[in-house]
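If you want the building blocks of each chain, they are given just below.
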Amino acid sequence: MCSSDLAAPMVLPAIVGNVRYDQKWGSAQIMGAAVENKAQISRPGLFAAPGLNTTTVKQWGYAIGAGVKFNLPMIAAGDELWLQAGWSRGAFDWMISNNTSAQTSDNGHQLPGLQRIDRNMTVFGIGGNAGAGGQPVALGSELTTAWQLAGAFIHYWSPQLRSVVNASYIDITPGTQTRNTDWSLGGMSKANAFNIAKALIFAPVRDFEIGLEVGYMKLNQTLTGTAGAAPSPLVFSTAVPAGFTARVSPNVLLLRGRVERTF
């Protein structure tokens, strides 16, 4: 894998669109996005051709989704139920930035960085080696696929006091080459994560809110090695026996208070 050599070149802006249907009972929406994934590999001796030390690998990623909102005035004025589903290939961040959380950045802060599941594209060497440096002659790339289900219920206990309960499930599947590469070399296994959160928000006056939020997330993932002798269960190196796996299930607990004034 060449993930450690990735630079951050300029990418085109995401192309997004949606179609929404609003009625007295609520609304329904379908949406989509296309994003450019690009990695610039720059390392002496990377390619066999003299002087050719930099190349750019890119693939377009896609995300589609559908959601529905139900107005529930029969429970209390302002009550709403949100349901949403989405699928992406090479656009993982669009799956974790759904709008069902009391704080929409929750999933984005909790998932990326945990066992490296937040990767849109993986770049790897193919086609043999070039010279004594042992660098790949060419590069290949794969996109990560993910799908998600999410829901949220907003209830007004009074015009000034409301609660938000939301839950989501996401399933992540990297490409075949990525899943069959040793963890320490940039490989990445399948994973899934569950998130549930609760918020209580008090708005004494217009555009001013005081909130308390509690959230819990659990990630399930199996790391796989390819050759050698087993190291410690959660630290993989190039010396991991074929078929050796380790289950990792980190937990994230979030407790947050906030005071927000909108101008």
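Residues numbered from 1 in each chain as written. Predicted model: local features only at pLDDT ≥ 70, side-chain atom pairs only at ≥ 80, totals over all residues. Heavy atoms only, no water.

A. Spotlight on unusual backbone geometry. Of note, the phi angle at Asp207 is positive, near 65°, even though the residue is not glycine. Along the polypeptide, Asp207 turns up in the loop between β9 (191-205) and β10 (208-224). (Helix = DSSP H or I, 4+ residues; strand = E, 2+ residues; numbered from the N terminus.)

B. Quick look at the nonpolar core. By size, the foremost hydrophobic cluster in this structure holds eleven residues: Val35, Ala63, Ala91, Phe92, Met95, Ala146, Ile170, Ile172, Ala191, Ala193 and Leu219. Within the residue set of this core, elements represented by two or more residues are α1 (92-96), β8 (161-173) and β9. When residues no more than four places from it in sequence are discounted, the contact partners of Val35 are Ala14, Gln59, Trp60, Gly61, Gly90, Ala91 and Trp94. Listed in part, the six residues of the second largest apolar core include Ala39, Val57, Val123 and Leu143. (Core = buried A, V, L, I, M, F, W, Y, C linked by side-chain atoms within 4.5 Å. Buried < 20%, exposed > 50% of the residue type's maximum accessible area, 1.4 Å probe, protein only. Contact = heavy atoms within 4.5 Å.)

C. Highlighting the pattern of salt bridges. Here the structure, examined in full by the defined rule, presents nine salt bridges. We note a salt bridge from Arg20 to Asp22, for which the minimum N-O separation is 3.0 Å. When its relative accessible area of 44% is taken as the criterion, Arg20 is described as partly exposed. What makes Asp22 partly exposed here is its relative accessible area of 45%. (Salt bridge = Lys/Arg side-chain N within 4 Å of Asp/Glu carboxyl O.)

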